[in-house]
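Read off the chains here:
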Amino acid sequence: MTDTDNSTATDPNKVDAVKLSLMLTELRLPSIKQLWQTFAERSDKEGWTAARFLAALAEHELAERDRRRIQRHLQEARLLPGKTLASFDFNAVPMISKAQVNALAAGDAWLTQGANCLIFGPPGAGKSHLASAIGLALVENGYRVLFTRTTDLVQRLQVARRELALESLLSKLDRYHLLILDDIAYVQKDQAETSVLFELISVRYERRSMMITANQPFGDWNKVFPDETTAVAAVDRLVHHATILEMNVESYRRRAALEKTGRKRGRPANFATEKNSGSD
Ligand code: ADP
Ligand code: MG
C-alpha cells in the first residue's frame, strides 16, 4: 500500500461513493442514491448544516415514493382514460351538486365509514364519466380504487368461486377503498344465478365503499340477484349509507350532436353547407 492510500483510508471526511451507493440500494432509497452527490456539492458550497442536508434528502425520497405509489394505484384502478372532473360539464346535469361531487372526490368520511354512492341515469347521461372522474380524484388523494364493469367483476368472482378461491378474491378486493361497479343492470341472467355479487355487497357492508352506476333505480335489480329476497337484502345494504346521484338528463352524446348541427345552422350563409340549408 502507498502513503496516499493510507491517508485516504484514515481521513474521516472521505466517503467511498461506490460503497454508499450500494448501501442506499440495499436500504431501498433510490432517490437519495440518485441525488446525494448533487445535494452534497450544494450543501458543501452553501454551508448547509448536516441536519438540513439529511432532511432535504429525506423529503425528496418521500415525495418520490408518494408519486410512485399514486402511479401504481392509477394503473391498478383501470379508470376510463381522459374522464376527469375538469372535463365534466356540470351545466349539463343541473340536478347534480358540484359541491357534493367534490366532497365525494375528497374521500375522507364516506370512505372510512364504508358508505356507498349510487349513480342513476339513462344511457349517455354521464354516469361512467362521473364515476371514473371521482375515482381518479380519489386515487390522486391517496385512496385505492378499482373501476370495473359489473359483469366483468361478477365473472371474476364466479371463476374464483368455482376454484374455491372466492374468500381470497373478496379479501384481495378489500384493499380497495372504493370499488366502482359500472352498469349493474347489465349483469346477465346466468351470472345472477350465483350469489357472488350479493356476497361481495355483504362482505363490504359498512366497511368498504362501493360506487354503482345503473340505468334504472332498483327497478331491474331483481334480475341481477338470484331471487327477490336476495335482491331486497342487497339493495337494503347498499342504500343504508348511500349518496344517491340521479342524472335525469338526455344523453350527453345526443345533445352534443344536436348542438353541433344547431351551431352549423347558425353560421353565416357563405359558411353553411348545402345539407344544412335544406334540413328540417
Ligand atoms: P353513461 O355511463 O351514463 O351511459 P357516459 O359517462 O359514458 O354515459 O357518457 C357518454 C359520453 O358523453 C362520454 O364520452 C362522456 O365523457 C360524455 N359526457 C357525458 N356527460 C358529460 C358531461 N356532463 N360533461 C362532459 N362530458 C360528458
Ligand atoms: Mg356507462
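My aim in this report is to walk through the structure given alongside it, one point at a time. (Residues numbered from 1 in each chain as written. Chains lettered and ligands numbered in written order. Predicted model: local features only at pLDDT ≥ 70, side-chain atom pairs only at ≥ 80, totals over all residues. Heavy atoms only, no water.)

1. A word on the site of ligand 1
Then, in step 1: Within the structure, ligand 1 sits among 15 residues, and D89, G124, K127, S128 and H129 are positioned closest to it.
Then, in step 2: At 2.7 Å, a backbone N or O of D89 approaches a nitrogen atom of ligand 1.
Then, in step 3: The backbone of G124 places a nitrogen or oxygen atom 2.7 Å from an oxygen atom of ligand 1.
Then, in step 4: Alone, ligand 1 offers 550 Å² of accessible surface; in the complex the protein occludes 85% of this.
Then, in step 5: Because more than half of its atoms lie within 2 Å of the grid, ligand 1 is assigned to the largest pocket.
Then, in step 6: Those elements that place two or more of their residues in the shell around ligand 1 are α7 (127-140) and α13 (252-265).
Then, in step 7: Among the elements that line the shell around ligand 1, the one with the most residues is α7, at three residues.
Then, in step 8: Of the residues assigned to the shell around ligand 1, the class counts are six nonpolar, five polar and four charged. (Near = heavy atom within 4 Å. Polar contact = N/O pair within 3.5 Å; in protein donor to acceptor, adjacent residues only side chain to side chain. Areas by Shrake-Rupley, 256 points an atom, 1.4 Å probe, with all protein chains shown as cover. 1 Å grid on protein atoms, 1.4 Å probe; cavity = no way out; pocket = protein on both sides within 12 Å on 5 of 7 lines; lining within 4 Å. Sits in = over half its atoms within 2 Å of the grid points. Helix = DSSP H or I, 4+ residues; strand = E, 2+ residues; numbered from the N terminus. Nonpolar A, V, L, I, M, F, W, Y, C, P; charged D, E, K, R; others polar.)

2. Notes on the layout of surface pockets
Picture a little ball the size of a water molecule; that probe, rolled over the atoms, points out where space is still empty.
Then, in step 1: In this structure, the largest pocket encloses a volume near 450 Å³.
Then, in step 2: If you trace the largest pocket, you find 19 residues lining it, with G124, G126, K127, H129 and R253 closest to the centre.
Then, in step 3: Where the lining of the largest pocket is concerned, the elements lending two or more residues are α7 and α13.
Then, in step 4: Taken together, the residues that form the lining of the largest pocket break down as seven nonpolar, six polar and six charged.
Then, in step 5: Its volume calculated, the second largest pocket comes out at about 180 Å³.
Then, in step 6: Lining the second largest pocket are E76, R78, L146, F147, T148, D152, L153, R156, K172, L173, R175 and Y176.
Then, in step 7: Contributing elements (two or more residues each) for the lining of the second largest pocket: β2 (145-149), α8 (150-162) and α9 (166-173).
Then, in step 8: Of the residues in the lining of the second largest pocket, the class split is five nonpolar, one polar and six charged. (Points joined across faces, edges and corners; volume = space filled by probe spheres on them.)

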